[in-house]
Amino acid sequence: MSWITENPWPGILAIAGTGLVLLIVGTGRTKAASLICILLAVALYVVESMIVTTGEQLEANLNEMLDGFKNRDITQIASHLSADAQGLKETANEGLQLVDVSRSFHIKDVDTKLSDDGKSAWVELRGNGLLTVKSSNTPYHTATRWKTLWKQHSDGTWKLVEVHRLNPVNGDEIGILAAE
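Residues numbered from 1 in each chain as written. Predicted model: local features only at pLDDT ≥ 70, side-chain atom pairs only at ≥ 80, totals over all residues. Heavy atoms only, no water.

(A) Quick peek at the side chain of Lys 70. Of note, Lys 70 is situated in helix H3 (residues 54-71). The charged side chain of Lys 70 is buried without a salt bridge, its nearest counter-charge being Asp 67 at 4.4 Å. Side-chain polar atoms of Lys 70 contact the backbone oxygen of Arg 103, separated by 3.2 Å. Beyond its immediate chain neighbours, meaning those up to four positions away, Lys 70 contacts Val 101, Ser 102, Arg 103 and Phe 105. (Helix = DSSP H or I, 4+ residues; strand = E, 2+ residues; numbered from the N terminus. Buried < 20%, exposed > 50% of the residue type's maximum accessible area, 1.4 Å probe, protein only. Lys, Arg positive; Asp, Glu negative; His and termini not counted. Salt bridge = Lys/Arg side-chain N within 4 Å of Asp/Glu carboxyl O. Polar contact = N/O pair within 3.5 Å; in protein donor to acceptor, adjacent residues only side chain to side chain. Contact = heavy atoms within 4.5 Å.)

(B) Examining the packing of helix H1 (residues 9-25) against helix H2 (residues 28-50) more closely. Where H1 meets H2, the axes come as close as 7 Å, and the angle between the chain directions of the two elements is 160°. Regarding the angle of H1 to H2, the classification is roughly antiparallel. When the axes of H1 and H2 are compared, the crossing they make is left-handed. Here H1 contributes Trp 9, Gly 11, Ile 12, Ile 15, Ala 16, Thr 18, Gly 19, Leu 22 and Leu 23 to the contact with H2, which in turn contributes Thr 30, Lys 31, Ala 33, Ser 34, Cys 37, Ile 38, Leu 40, Ala 41, Leu 44 and Tyr 45. Each residue belonging to the contact of H1 with H2 can be placed in one class, and the counts come to 13 nonpolar, 5 polar and 1 charged. (Axes fitted to C-alpha atoms, helices over the stretch in contact; angles between N-to-C directions. Parallel < 35°, antiparallel > 145°, perpendicular 65-115°, else oblique. Left-handed = near helix turned anticlockwise from the far one by under 90°. Nonpolar A, V, L, I, M, F, W, Y, C, P; charged D, E, K, R; others polar.)

Put into structure tokens, the structure is as follows:
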């Protein structure tokens, strides 16, 4: 499900802009309408900040995992992994042995597709930034692309159960730790 509040700024700007125009060019009644528009824009902002969508939850989880990789904190990374996907913790550990993720590395273009039952979601994303390959101590700017499967557990938390690394250009699957 997609909420209007995934990106409230077009609505906020349109309503506030209308209110501002009414305030500038208006008379008594239009000035009252402008005040209503501005209050509606503020209300939309407040409502948006109170609603956290599934996509926003999953993006926050991804950023927390990325922080775990930057800080080399396997506990933080593992806190987002499903107990059913023990191999992912081992893969994350292997990745930490191969590269250091710089502070400049960031996640972009997060696209969430929720299943019909709302209990699982495929999340595609890109990651860009510097990685330092430990074996050669050489930093590389890299662009990566990922497709991940998340499942909601009975306590309401979302856990990562499946990861696929994709070629950033053509989308073909490549090995998670491949040197490509």
